[in-house]
Amino acid sequence: MNNAGTATFASVLESPLEMISRDMQTNYYGTLSVIRAFVPVLEKSGHGAIVNLLTIVSLASMAVLGGYSASKAALYSATQALRKELKNRGISVHGVFPGPVDTDMTKDFQIPKTSPVEVARAILEGLKRGAEDIYPDPMALQMSELWSKNPKELEKQFAAM
Ligand SMILES: NC(=O)c1ccc[n+]([C@@H]2O[C@H](COP(=O)([O-])OP(=O)(O)OC[C@H]3O[C@@H](n4cnc5c(N)ncnc54)[C@H](OP(=O)(O)O)[C@@H]3O)[C@@H](O)[C@H]2O)c1
């Protein structure tokens, strides 16, 4: 379960590149490093599952979170690639796309948030069902349905926020 992540709330246009890099290092390269370290262990045991914590803004960017969105979009792309690469090695690869969750990461934002317990439960239920893509809260579910029908509309909705 690759849960570690950072969100610097960087603008891709105006924020220092160090902020963009921090999210990319943790969310993308950091997660890839952990996966690379664990794949041989999972393979040895004959089966396993890798769960990558993405976000609903992996599907379409939100400008106030532009650097974060980009790092998680990169991880989403790698999640798809890993799914194919590990399929015949007994390891399933899952992506989780939460909306806002009530953790330290969002403590400064007065917006509706899902509790981490609910998200954790939904992830485990998704894993039991064998879902490759898990939308663990009502907002994520609603946004993913919109995205699956009309990706441009999700981009527009996020641009209006
Ligand atoms: N909260 C949300 O609304 C939300 C929504 C969608 C997706 N997510 C994703 O859910 C995951 C968990 O986020 P959260 O909300 O729990 O965030 P959080 O409250 O900020 O916690 C982040 C966790 O990641 C760890 N971490 C950060 N950088 C690390 C590094 N380089 N090496 C090891 N551990 C590191 C932190 O450890 P330390 O405390 O030791 O630094 C902390 O335990 C993240 O991947 C996040 O992107 C969160």
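J.: Account for the sheet that holds strand β2 (residues 91-96), naming residues and giving values.
T.: What the three strands build is an open sheet, ordered β1-β2-β3; its pairing is parallel. This sheet does not close on itself; its edge strands, each paired only once, are β1 (48-53) and β3 (133-134). Bridge count between β1 and β2: six bridges; the pairing is parallel. Bridge pairing in β2 places Ile50 opposite Val93. Where helix α2 (residues 66-86) meets the sheet, it contacts β1, β2 and β3, and its direction lies at approximately 160° from that of β2.

J.: Any chance you could break down helix α4 (residues 138-149) for me, citing the residues and the numbers?
T.: In this model α4 runs 17 Å from its N-terminal to its C-terminal C-alpha over twelve residues, within 8% of the 16 Å that 1.5 Å per residue would give. All buried positions along α4 are accounted for by Ala140, Met143 and Ser144. For α4, the buried positions fall inside an angular range of 100° around the axis, keeping them on one side. The outward face of α4, more than 90 degrees from its buried face, is lined by the exposed residues Pro138, Gln142 and Lys149. In this structure, the buried side of α4 is in contact with α5 (151-159). The residue sitting at the N-terminus of α4 and contributing the capping side-chain oxygen is Asp137; that oxygen lies 3.2 Å from the backbone nitrogen of Met139.

J.: Give me the lowdown on the environment of Arg22, citing residues and values where you can.
T.: Structurally, Arg22 is set in helix α1 (residues 17-45). Those residues in contact with Arg22 that sit more than four places away from it in its chain are Thr6 and Thr8.

What counts and how
Residues numbered from 1 in each chain as written. Predicted model: local features only at pLDDT ≥ 70, side-chain atom pairs only at ≥ 80, totals over all residues. Heavy atoms only, no water. Pairing = 2+ DSSP bridges. Helix = DSSP H or I, 4+ residues; strand = E, 2+ residues; numbered from the N terminus. Contact = heavy atoms within 4.5 Å. Axes fitted to C-alpha atoms, helices over the stretch in contact; angles between N-to-C directions. Expected span 1.5 Å × (residues − 1). Buried < 20%, exposed > 50% of the residue type's maximum accessible area, 1.4 Å probe, protein only. Arc of directions from axis to C-beta. Polar contact = N/O pair within 3.5 Å; in protein donor to acceptor, adjacent residues only side chain to side chain.

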